Amino acid sequence: SPTDGDYYFGAFNSKAPYTTSPFYYNVNGKDIPVYSISVPIIENGSVIGVIGTDIDLSRINSVMNQGTILEKGYIFTLSPDESFATHKNESIILNNIDSTYLRDFADKLHDISLNGGTISETTYSDQIDENILLYGKGVMIGNTDDYWIVCGIIPLSVINSSYVILATVVTI
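The model shown is predicted, which means the values in this text are computed figures rather than measured ones. (Residues numbered from 1 in each chain as written. Predicted model: local features only at pLDDT ≥ 70, side-chain atom pairs only at ≥ 80, totals over all residues. Heavy atoms only, no water.)

## Details of the pattern of salt bridges
- Tallied over the full model, the rule gives two salt bridges.
- In this structure, the salt-bridge partner of Asp56 is Arg59, at a minimum N-O distance of 3.7 Å.
- Owing to a relative accessible area of 24%, Asp56 belongs among the partly exposed residues under this scheme.
- We note a salt bridge from Glu121 to Lys108, for which the minimum N-O separation is 2.2 Å. On the criterion of sequence distance, the pair formed by Glu121 in strand β7 (residues 118-125) and Lys108 in helix α3 (residues 106-115) is long-range, its members being 13 residues apart.
- Given the relative accessible area of 19%, Glu121 is considered buried.
- Classification of Lys108 by relative accessible area gives partly exposed; the value is 44%. (Salt bridge = Lys/Arg side-chain N within 4 Å of Asp/Glu carboxyl O. Buried < 20%, exposed > 50% of the residue type's maximum accessible area, 1.4 Å probe, protein only. Helix = DSSP H or I, 4+ residues; strand = E, 2+ residues; numbered from the N terminus.)

Written out as structure tokens, the structure reads:
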């Protein structure tokens, strides 16, 4: 997790917007998953300060979990350090991908977190106990150098049943 001052010194030293890795922050006795984003204040080419805020990932997670993809699929987000920033299974938030089926794609996901890009794979998900289609895309937050990966999974059974319905309609 970030050390005290990471949000400040990251933006100050780089003279650019900066995001921390997600971490738990205690608010009124409750640990909340957050990440910090900060921007340097520059005057005459010199950094004179930093302004920033913490983003509550539990609120983002709540919004993301309200929808589904083809009834049984869902979306989640990986942070640049390849930990779960949001997920339907809240118990894995802030855990690294190494503890899940995504470990099989660690090299691809690491490359996306550094350079952007996409991933599209079929695999078995230990989170829903089914074969799935995994799709992910690297996205930047503002002008930072880090890519967050927004992923969607859809159970293959749902995709296949939708295909069968479509094929039946087309042949009739």
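## Structural notes on the sheet that holds β7
- If you trace the five strands from one edge of the open sheet to the other, you get β6-β5-β9-β8-β7, paired in antiparallel fashion. In the strand order of this sheet, the two ends are held by β6 (84-86) and β7, each with one partner. Adjacent strand axes in the sheet meet at a mean angle of 30 degrees, parallel and antiparallel pairs treated alike.
- As paired strands, β7 and strand β8 (residues 130-140) are joined by eight bridges and run antiparallel to one another. When the bridges of β8 are listed, Ile119 appears paired with Gly136.
- Against the sheet, helix α2 (residues 57-64) makes contact with β5 (74-78) and β6, and its axis sits at roughly 65 degrees relative to β6, the strand it touches most.
- Its contacts with the sheet put α3 on β5, β7, β8 and β9 (147-155), and the angle it makes with β9 is roughly 140 degrees. (Pairing = 2+ DSSP bridges. Axes fitted to C-alpha atoms, helices over the stretch in contact; angles between N-to-C directions. Contact = heavy atoms within 4.5 Å.)

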